[in-house]
Amino acid sequence: MPPSGTAVATRGMRKSFGEHTVLEDVDLEVGEGTIFALLGPNGAGKTTIVRILSTLIRADAGTIRVAGHDLATEPDAVRAAIGVTGQFSAVDNLLTGEENLRLMADLRHLGRAAGRRRVAELLERFELTDAARKPLSTYSGGMRRRLDLAMTLVGDPRLIFLDEPTTGLDPRSRRTMWQIIRELAADGVTIFLTTQYLDEADQLADRVAVLDHGHIVTEGTPDELKRRIPGGHVLLRFAGPDDLSAAAALLPAATPDPDQLSLQVFGDGSATELRGVLNQLAEAGIHAERLSIHTPDLDDVFFAVTGHATDTVREKAAQP
Amino acid sequence: MTATLGYTLVDSATMLRRNLKHQLRYPSLTLMLAGMPIMFLLLFVYVFGGQLGAGLGSGGTHPDRHAYLTYIVPGILIMTVASAALGTAISIAMDMTEGIIDRFRTMAIARGAVLTGHVIGTLLQTLAVLVLVVGVALAMGFRSTAGPLAWLAAAGVLMLFALALIWLSTALGLAAKSVETASNTPMFLTLLPLLSSGFVPTSTMPAGLRQFAEYQPFTPVIQTIRGLLAGDPAGTHAIAAVAWSAGIALACYGWSLRLYDRRWAANPR
């Protein structure tokens, strides 16, 4: 394996299904041992990228190296090095949890004793030991997702693709999944994940790329990304125009809205900053009626980097 | 490369274990596959057998019904093989809709192991169902003069023909756009034994149908089994039976692999 230090590198990756172009000249670079998040709304092409990089479908053009191997000429070498947990459950519903894991151990050629050990270890780690011999029909959504990931880990892959690993999970299962991902990264595993949630990318990723209609529109660390987004603000509402103009004079960087009697104060949404704003108003004797905090989310990122809202926002706006 | 061949065998064995576990956990499909030929056997022998046996002109040492039982058993065995093969199309099409197939495709698994597992699994299932059907036939009074070697040869011919039909059914299951299509397309496999020498001698059929019945692949296989079980030399029928079986098996094996790979190449989602 070449000592590149790069787990995934794509240049000019393109894909279309018939007339419909899904990816256009996508360039990506993911460093070994890092967590990389591909952020984008539904239909942006996230799943298509994962399906290409995990050898499920072929790209129409571009050079792609995954885990040190050329995807086009050595797909089996790539397959041997990666693990994939897709958006749709990839478990055998007619087998038990333990049998599913044993199946993976056999296909990874772990051998009898080592396979058994690895399966027991993963059942324990993912809190599935009690349900190990039960049919999958009795598993909850969170348990299926954990089993799915456990199956991916049987062969100890050094590069893991996770396609929307927490979509549809309840908040508790979501935190468990985040914890598992962090532990994997701590072991030096490279993680390539896709998500619709900025907070998830923020929580987990070393680097984030934003995908919109098959284009990478921006890329950077979560902090760099958020700095570029003017979406975070505190919204203050006042009883009358006098209070509003007094507050606007006090906070010159803020944007007043005379119709709504409100003032938008931009910032990072931290408690310190908020206290600063409130103290300033209190010292000047200005009374704000209401206050709401708006933290930047994916929609803000989108608006900032593409100049248009995500489809979800447009759909929401179109609804009466 | 020996390592590659080794992994092909190991991976196929793993997939075979998976298939057998499915069969053991959900035996209803196996029972349904055994049910049809047994029902045909009972129906044809006890309802139509007296009349059809008389038409065979067996001569009188045996009652007509018993003569017909002797005549029909090879056809029923072939029908068993066809019916079991039919199940492959359904189970393959169902399996292809499961997420686990996508997982298999992202793993370094020997090419074709998924399909081979299905095919060998169905072959063993066919063997089990055949034993059951022969058991029912023996219980109904079927007797053969064949020695162990002839029985073994008959089993060999049946298994080779089963392999051909199972690969054909696999290809049809892969080609089907939905599970419903997969269960309908291979239906002709259960009709073909009726349009052969399986239930009545082809000489009793009208001209066009007779030629079809004589030249379609089911007839030489049935005639070979009939010959072996009756203790007669099988001759040219056996050559035709083996040639048809091997030809269909090889062609459909290649077709199945191509279909499996093509599904892999174009799967928009």
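These numbers come from a predicted model, not from an experiment. (Residues numbered from 1 in each chain as written. Chains lettered and ligands numbered in written order. Predicted model: local features only at pLDDT ≥ 70, side-chain atom pairs only at ≥ 80, totals over all residues.)

### Structural notes on the overall build of chain A
The line we're drawing: In this description a helix means any DSSP run of H or I spanning at least four residues, a strand means any run of E spanning at least two, and both kinds are numbered starting from the N terminus. Counting other C-beta atoms within 10 Å of a residue's own tells you its class, since 20 or more makes it buried, 12 or fewer makes it exposed, and anything in between is partly exposed; those C-beta atoms are placed from the backbone. Our contact criterion uses C-beta atoms placed from the backbone: two residues qualify when those atoms are within 7 Å.
A count of helical and extended segments in chain A gives 12 helices and 14 strands. Dimensions of chain A, computed from the C-alpha atoms along their principal axes, are close to 80 × 45 × 45 Å. Here chain A holds 320 residues, and 42% of them are scored as buried. A sequence separation of at least 24 residues applies to 68% of the contacts in chain A between residues at least 6 apart.

### Examining the overall build of chain B
Applied cut-off: For a compact globule the rule gives 2.2 Å times the number of residues to the power 0.38, and the radius of gyration it is set against comes from C-alpha atoms.
Helix and strand content of chain B: 11 helices and zero strands. Starting at the N terminus and walking to the C terminus, you meet the elements of chain B as α-α-α-α-α-α-α-α-α-α-α. Computed over C-alpha atoms, the radius of gyration of chain B comes to 20 Å, within 12% of the 18 Å expected from 2.2 N^0.38 for 269 residues, which places it in the range of a compact globule. Long-range contacts, defined as pairs at least 24 residues apart, comprise 79% of the intrachain contacts of chain B with a sequence gap of at least 6.

### Thoughts on the interface of chain A and chain B
Basically, it comes down to this: The residue classification treats Ala, Val, Leu, Ile, Met, Phe, Trp, Tyr, Cys and Pro as nonpolar and Asp, Glu, Lys and Arg as charged. All others, Gly included, are polar.
Contacts between the two partners involve 26 residues from chain A, matched on the other side by 22 residues from chain B. Breaking the side of chain A that touches chain B down by element, the ones donating at least two residues are helix H2 (75-81), strand S6 (82-85) and helix H3 (97-107) of chain A. When the residues that make up the side of chain A that touches chain B are grouped by side-chain class, the tally is 13 nonpolar, seven polar and six charged.

### Topic: the packing of helix H5 (residues 113-139) of chain B against helix H6 (residues 148-175) of chain B
All names here are of chain B. Selection rule: To get an axis, a line is fitted to the C-alpha atoms, and for a helix only the part in contact is used. The angle between two axes follows their N-to-C directions and goes from 0 to 180 degrees. Our angle categories are set so that under 35 degrees counts as roughly parallel, over 145 as roughly antiparallel, 65 to 115 as roughly perpendicular, and the remainder as oblique. The handedness criterion is simple: a crossing whose near helix is rotated anticlockwise from the far helix by less than a right angle is left-handed, and one whose near helix is rotated clockwise is right-handed.
Orientation of H5 relative to H6, taken along the N-to-C sense of each, is 135 degrees, at an axis distance of 10 Å. Here H5 lies oblique to H6, going by the angle between them. Handedness of the H5/H6 crossing: right-handed. On the side of H5, the interface is formed by Leu115, His118, Val119, Thr122, Leu123, Thr126, Leu127 and Leu130, while H6 contributes Leu158, Met159, Ala162, Leu163, Ile166, Trp167 and Thr170.

### So, the packing of helix H2 (residues 28-56) of chain B against H5 of chain B
How two helices sit against one another is set out by the angle between their axes and by the gap between those axes. Residue and element names in this part refer to chain B. Running from N to C, H2 and H5 cross one another at 35 degrees; their axes reach a closest spacing of 10 Å. As H2 runs across H5, the sense of the crossing is right-handed. For the pair formed by H2 and H5, the contact residues are Thr30, Leu33, Ala34, Pro37, Ile38 and Leu41 on the first element and Gln125, Val129, Leu132, Val133, Val136 and Ala137 on the second.

### Things to note about the nonpolar core
In plain terms, the rule: In this usage, the nonpolar core is the set of buried Ala, Val, Leu, Ile, Met, Phe, Trp, Tyr and Cys residues whose C-beta atoms join them within 7 Å.
Formed by 89 residues in total, the largest nonpolar core has its most connected members in Val81, Leu165 and Trp167 of chain B. If we skip the residues at most four places from it in the chain, Leu165 of chain B touches Val81, Ala82, Ala85 and Leu189 of chain B. Membership of the second largest hydrophobic core comes to 51 residues, among which are Ala37, Ile181, Leu198 and Ala209 of chain A.

### Observations concerning unusual backbone geometry
Residues and elements named next belong to chain A. One non-glycine residue with positive phi stands out, namely Ala67, at about 55 degrees. Inspection of the secondary structure assignment puts Ala67 in the loop between strand S4 (61-66) and strand S5 (69-70). Unusually for a residue other than glycine, His109 sits at a positive phi of about 55 degrees. Its place among the elements puts His109 in the loop between H3 and helix H4 (112-125).

### Here's the deal with the sheet that holds strand S8 (residues 190-195) of chain A
In sheet architecture, strand pairing relies on hydrogen bonds along the backbone and comes in two forms, parallel and antiparallel. Residues and elements named next belong to chain A. Note the cut-off: Pairing between strands requires that DSSP locate at least two bridges from one strand to the other.
Strand order in this open sheet of six strands is S6-S7-S8-S3-S9-S10, and the pairing throughout is mixed. Each edge of the open sheet is held by one strand with a lone partner, namely S6 and strand S10 (215-220). Strand-to-strand, the axes of this sheet are offset by a mean angle of 15 degrees, without reference to chain direction. Both S6 and strand S7 (residues 159-163) contribute to a ladder of four bridges, which runs parallel. Along S7, the bridge assignment pairs Thr85 with Leu162. The strands touched by helix H5 (residues 141-153) within the sheet are S6 and S7, with S6 carrying the most contacts at an inclination of about 170 degrees.

### Observations concerning the environment of Ile101 of chain B
Residue and element names in this part refer to chain B. With respect to the helices, strands and loops of the structure, Ile101 is situated in helix H4 (residues 99-105). Taking the C-alpha atoms as reference points, Ile101 and Val114, 13 residues apart in sequence, are found 8.6 Å from one another. Setting aside anything within four residues of it in sequence, one finds Ile101 in contact with Asp95 and Met96.

### Quick word on H2 of chain B
Residues and elements named next belong to chain B. Selection rule: Expected helix span is taken as 1.5 Å per residue step, with the number of steps being one fewer than the number of residues. A residue's bend is the angle separating two fitted axes: one through the seven residues that end there, the other through the seven that start there.
Across its 29 residues, H2 extends only 37 Å between first and last C-alpha, which sits more than 12% below the 42 Å expected from 1.5 Å per residue. Of all bends in H2, the biggest is about 80 degrees, found at Gly49. Along H2, the positions that sit buried rather than exposed are Leu33, Ala34, Pro37, Phe40, Leu41, Phe44, Val45, Gly49, Leu52 and Gly53.

### Points about H5 of chain B
Taking 1.5 Å of rise per residue, the 27 residues of H5 of chain B would be expected to cover 39 Å, and the 39 Å separating its terminal C-alpha atoms lies within 8% of that figure. Where H5 of chain B terminates, the next one or two residues include Gly141 of chain B, which has phi positive at roughly 110 degrees.

### Section: the pairing of S10 of chain A
Residue and element names in this part refer to chain A. In this structure, strand S9 (residues 207-212) lies alongside S10, joined through five bridges in antiparallel fashion. If you follow Leu211 over to S10, its bridge partner there is Ile216. Where S9 folds back on S10, the antiparallel hairpin that results is connected by two residues, among which His213 adopts a positive phi of roughly 45 degrees.

### Quick notes on the environment of Thr47 of chain A
As for its placement among the helices and strands, Thr47 of chain A is situated in helix H1 (residues 46-53). Taking the C-alpha atoms as reference, Thr47 of chain A lies 26 Å from Gly97 of chain A; in sequence the two are 50 residues apart.

### Description of the confidence of the model for chain B
All names here are of chain B. Worth spelling out the cut-off: Confidence scores per residue from the predictor, reported as pLDDT, run from 0 to 100.
Per-chain confidence: chain B averages 86 in pLDDT, with 93% of residues scoring 70 or above. When pLDDT is averaged over each element of chain B, H5 comes out on top at 94 and helix H8 (residues 188-191) at the bottom at 84. ipTM for the predicted complex: 0.82, alongside a pTM of 0.80.

### Quick word on the environment of Ala131 of chain A
Counting through the fold element by element, Ala131 of chain A comes out in the loop between H4 and H5. Placed 33 residues apart in sequence, Ala131 of chain A and Glu98 of chain A show a C-alpha to C-alpha distance of 8.5 Å.

### What to know about the sheet that holds strand S11 (residues 233-238) of chain A
All names here are of chain A. If you trace the four strands from one edge of the open sheet to the other, you get S12-S13-S11-S14, paired in antiparallel fashion. Each having just a single partner strand, strand S12 (255-257) and strand S14 (288-294) make up the two edges of the open sheet. On average, each strand axis in the sheet is inclined to that of its neighbour by 20 degrees, with strand direction left out of account. Examined bridge by bridge, S11 and S14 share six bridges and lie antiparallel to one another. Bridge pairing in S14 links Phe238 to Ala288. Most of the contacts of helix H9 (residues 241-250) go to S11, to which it runs at about 145 degrees, and overall it touches S11, S12 and strand S13 (262-266).

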